[in-house]
Amino acid sequence: WAQAKEEAEVARRELLEVVRPLREPGYPEALRRKAERARKRRLRLQRRKQEAEAAKEEAAARAAEREAKIDQWRAKCIQEVEEKNRERELKAAADSVLSEVRKKQADTKRMVDILRALEKLRKLRKEAAGRKGVCPPPSADEAFESQVESLKTLLKNRTELYEAEERALRVMLEGEQEEERKREMEKKQKKEREKLLQQKLEIDSKLFGDPDEFPLAHLLQPFREYYLQAEHSVAALIQIRHEWDQFLVPADHPEGSCIPPGWILPSLPTNDTWATAVR
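Residues numbered from 1 in each chain as written. Predicted model: local features only at pLDDT ≥ 70, side-chain atom pairs only at ≥ 80, totals over all residues. Heavy atoms only, no water.

The protein chain appears in an unreviewed UniProt entry as PDCD7 protein from Zapornia atra.

Enquirer: Teacher, can you tell me more about the overall build of the protein chain here?
Expert: Assigned secondary structure in the protein chain consists of six helices and zero strands. What you see in the protein chain, going N to C, is helices and strands ordered as α-α-α-α-α-α. For the protein chain, with 279 residues in total, the buried portion stands at 7%. Within the protein chain, residue pairs in contact and separated by at least 24 positions form 60% of the contacts whose partners lie at least 6 positions apart. (Helix = DSSP H or I, 4+ residues; strand = E, 2+ residues; numbered from the N terminus. Buried < 20%, exposed > 50% of the residue type's maximum accessible area, 1.4 Å probe, protein only. Contact = heavy atoms within 4.5 Å.)

Enquirer: Looking at this structure, I do not really get the packing of aromatic side chains. What am I missing?
Expert: Each aromatic ring pair is specified by the distance between its two centres and by the angle formed by the two planes. In this structure the tally under the stated criterion is one aromatic pair. Both rings, one in Y226 and one in Y227, keep their centres 5.3 Å apart while their planes meet at 75°; by these two values the pair is edge-to-face. Overall, the relative accessible area of 52% leaves Y226 in the exposed class. (Phe/Tyr/Trp six-rings, centres within 6.5 Å; stacked < 30°, edge-to-face > 60°.)

Enquirer: What's the story with the confidence of the model for the protein chain in this structure? I'm lost.
Expert: The predicted coordinates of low-pLDDT regions are not to be read in fine detail. Averaged over all residues, the pLDDT of the protein chain equals 78, while 88% of them reach at least 70. By mean pLDDT, helix α4 (residues 221-227) is the weakest element of the protein chain at 77, and helix α5 (residues 234-245) is the strongest at 85. (pLDDT = per-residue confidence, 0-100.)

Enquirer: Explain the pattern of salt bridges here, please?
Expert: Opposite charge on two side chains permits them to pair, given that their charged atoms come into close proximity. Following the criterion strictly, the structure yields seven salt bridges and no others. Among the ionic pairs, E36 bridges to R39, the shortest N-O distance being 2.3 Å. Here R39 and E36 lie together in helix α2 (residues 27-131), a separation of three residues that amounts to about one turn. According to the relative accessible area criterion, R39 is partly exposed, its value standing at 37%. Note that K69 and E65 form a salt bridge whose closest N and O atoms lie 3.7 Å from each other. (Salt bridge = Lys/Arg side-chain N within 4 Å of Asp/Glu carboxyl O.)

Enquirer: Would you explain the environment of D204 in this entry?
Expert: By the secondary structure assignment, D204 is in helix α3 (residues 138-208). Counting along the chain gives 20 residues from D204 to R224, while the straight-line C-alpha distance between them is 9.5 Å.

Enquirer: Where do I start with the side chain of T108 in this structure?
Expert: Summarising the element assignment, T108 is placed in helix α2. Here T108 is in contact with L155, R158, T159 and Y162, once residues within four sequence places are set aside.

Enquirer: Could you clarify how one ought to interpret α5 in this entry?
Expert: For α5, built from 12 residues, the straight-helix expectation of 16 Å at 1.5 Å per residue is met to within 8% by its first-to-last C-alpha distance of 16 Å. The opening residue of α5 is S233, an N-cap whose side-chain oxygen sits 3.3 Å from the backbone nitrogen of A236. (Expected span 1.5 Å × (residues − 1). Polar contact = N/O pair within 3.5 Å; in protein donor to acceptor, adjacent residues only side chain to side chain.)

Quick look at the structure:
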């Protein structure tokens, strides 16, 4: 019994030591504050984790978009290089064929010159033999003339064939050059259209705000519809034009000026307060 009593006393003292802070007046409030701090800390850590994950996802999305733009630009560059290489190869092949045709034409012309030289040489030899009293038989003259005419016909056909090939190659080269000029013109016009579109977007952004920042349901949408109503309604266009025509004056009029050809862009803020309101 004495040993059991001693053990019970030890356990009672330990329990009293444990429950002693609970009996203090400010302990429940301190416990609540501690629990609140722990809860806020957990929420703060959770929010930071969510923000870090969101930032990571956003960074990954931006990286993916950047990679997609880089791939698109690389594919465009590769396509342009391939097109230039194909055009260069086609032009080189056409030049090679044209050079070969011109070489054949030169060979044909040289053969014609040789044939003429042979005719002249035979004529001279025939005259020299005639002065010596030697005359060739008529059959020899006929055979020579027949052979010469056959060669002339052959050379003439080849000359016409080579000229036709040259004309066809020149037409093909001119067509390729015309296509190249058209492509260059289309590229130039496309760049001009993109530049004008970018300028229009910048002007619209300055006048009506950024479309991403101010969606269609924004408060400024009615004003945008008001200023752009002439693009969708003929009656509104006539009414606006009538109102503008009332103020048409010559360029040198002292009390007015001509209607500007485009939008009147707002001037830059002149002080920090105005700049804050604009932002």
